[in-house]
Amino acid sequence: RGFVYDSRNNLQMRGLVVLLISKAAGPNTTELSFQHSMVSGIYSSQRSLAEITELIHTAFLVHRGIVNIGELKSCDGPLKDMQFGNKMAVLSGDFLLANACTSLAQLQNTKVVELISSAIGDLVQGIYYENSKSSEENCLTDDIGISTWKEQVFLSHSALLAKSCQAAMELAKHSAEIQDMAFQYGKHMSMSHKLHLDLQPFVKENSSDTMAFSLNSAPAVLHQEFLGREAWIKQIRELQEAIRAGKGVTSAIDLCCCHGNRALAALECFPPSEARDALANIVYAVTRFP
């Protein structure tokens, strides 16, 4: 746990956002009983929540590292080593998740427990869907629309951050409106971040023609909607260039900016501060394209 939760690494974006939005919201002026636990404008329970969020995210990353033994070849390495690695990944991920759940219970807030528990359920559902589809033989891409894509991305990428932001507001006893705005920021910022990642193979000026990209990324799904399923299958071997020349990329950029603008709009309910500016800068960073 000390290895993965280390202040010297830069992979803790979700925990950072939880801390920033906690600081941006500030203390609840109507609740003076527990303000003695604040440090730099953030309650100790909110700091614990940021750590819990990172532990849950890391646990799922470790579990994603499990390899499919059935797909291994002799050149990949000894089978026993792979089986041992899988066991370690399962146990390590479970250990981190158990630590997160223990810390979550110690917050002694049933609504926060419910929010984060439902986020874990969303993650499981989203990752299960991804794995079930990727394991199908000769599966080029799912025949889905952008609305279905948004639902799947929310489950696997946005739910944890969105509900953690809302839970941080609940810990400070902020109003339902503030909690909803925090949820909206976490949701739309993470959606714009996912769109930004999906767009990189198509918008990077120096990217090679063989740069990897997902056939279920937002530009691909939007291109499929504009082009039609049959024509999409015919163009599969030239897909990356076809998407780059079509409407998928521009539509995905517009969608990324739309989610970014909705995240910025959610920040308007928070008072001006350095923390709010930092949250806005995160959005600007993922909605700016060359």
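Before any of the text, the structure's been laid out above.
The following refers to the structure shown.

Definitions and limits used
- Residues numbered from 1 in each chain as written.
- Predicted model: local features only at pLDDT ≥ 70, side-chain atom pairs only at ≥ 80, totals over all residues.
- Heavy atoms only, no water.
- Helix = DSSP H or I, 4+ residues; strand = E, 2+ residues; numbered from the N terminus.
- Buried < 20%, exposed > 50% of the residue type's maximum accessible area, 1.4 Å probe, protein only.
- Contact = heavy atoms within 4.5 Å.
- Areas by Shrake-Rupley, 256 points an atom, 1.4 Å probe, with all protein chains shown as cover.
- Phe/Tyr/Trp six-rings, centres within 6.5 Å; stacked < 30°, edge-to-face > 60°.
- Polar contact = N/O pair within 3.5 Å; in protein donor to acceptor, adjacent residues only side chain to side chain.

## Notes on the overall build of the protein
Helices and strands together make up the secondary structure of the protein, namely eleven helices and two strands. When burial is assessed residue by residue, the protein has 47% of its 290 residues classed as buried. A fraction of 74% describes how many contacts in the protein between residues 6 or more apart in sequence connect residues 24 or more apart. Accessible area for the protein stands at about 15300 Å²; split by element, carbon and sulfur atoms hold 54% of it.

## Things to note about the packing of aromatic side chains
Per the stated rule, a full pass over the model turns up one aromatic pair. With a centroid separation of 6.3 Å and 55° between ring planes, the pair formed by Phe154 and Phe183 is classed as tilted. In this pair, Phe154 is assigned in helix H5 (residues 146-171) and Phe183 in helix H6 (residues 176-203), connecting sequence segments 29 residues apart. For Phe154, a relative accessible area of 18% puts it in the buried group. Taking the relative accessible area as the measure of exposure, Phe183 reaches 15% and is therefore buried.

## Looking at the environment of Gln200
Residue placement: Gln200 occurs in helix H6. At 2.9 Å, the side chain of Gln200 forms a polar contact with the backbone oxygen of His196.

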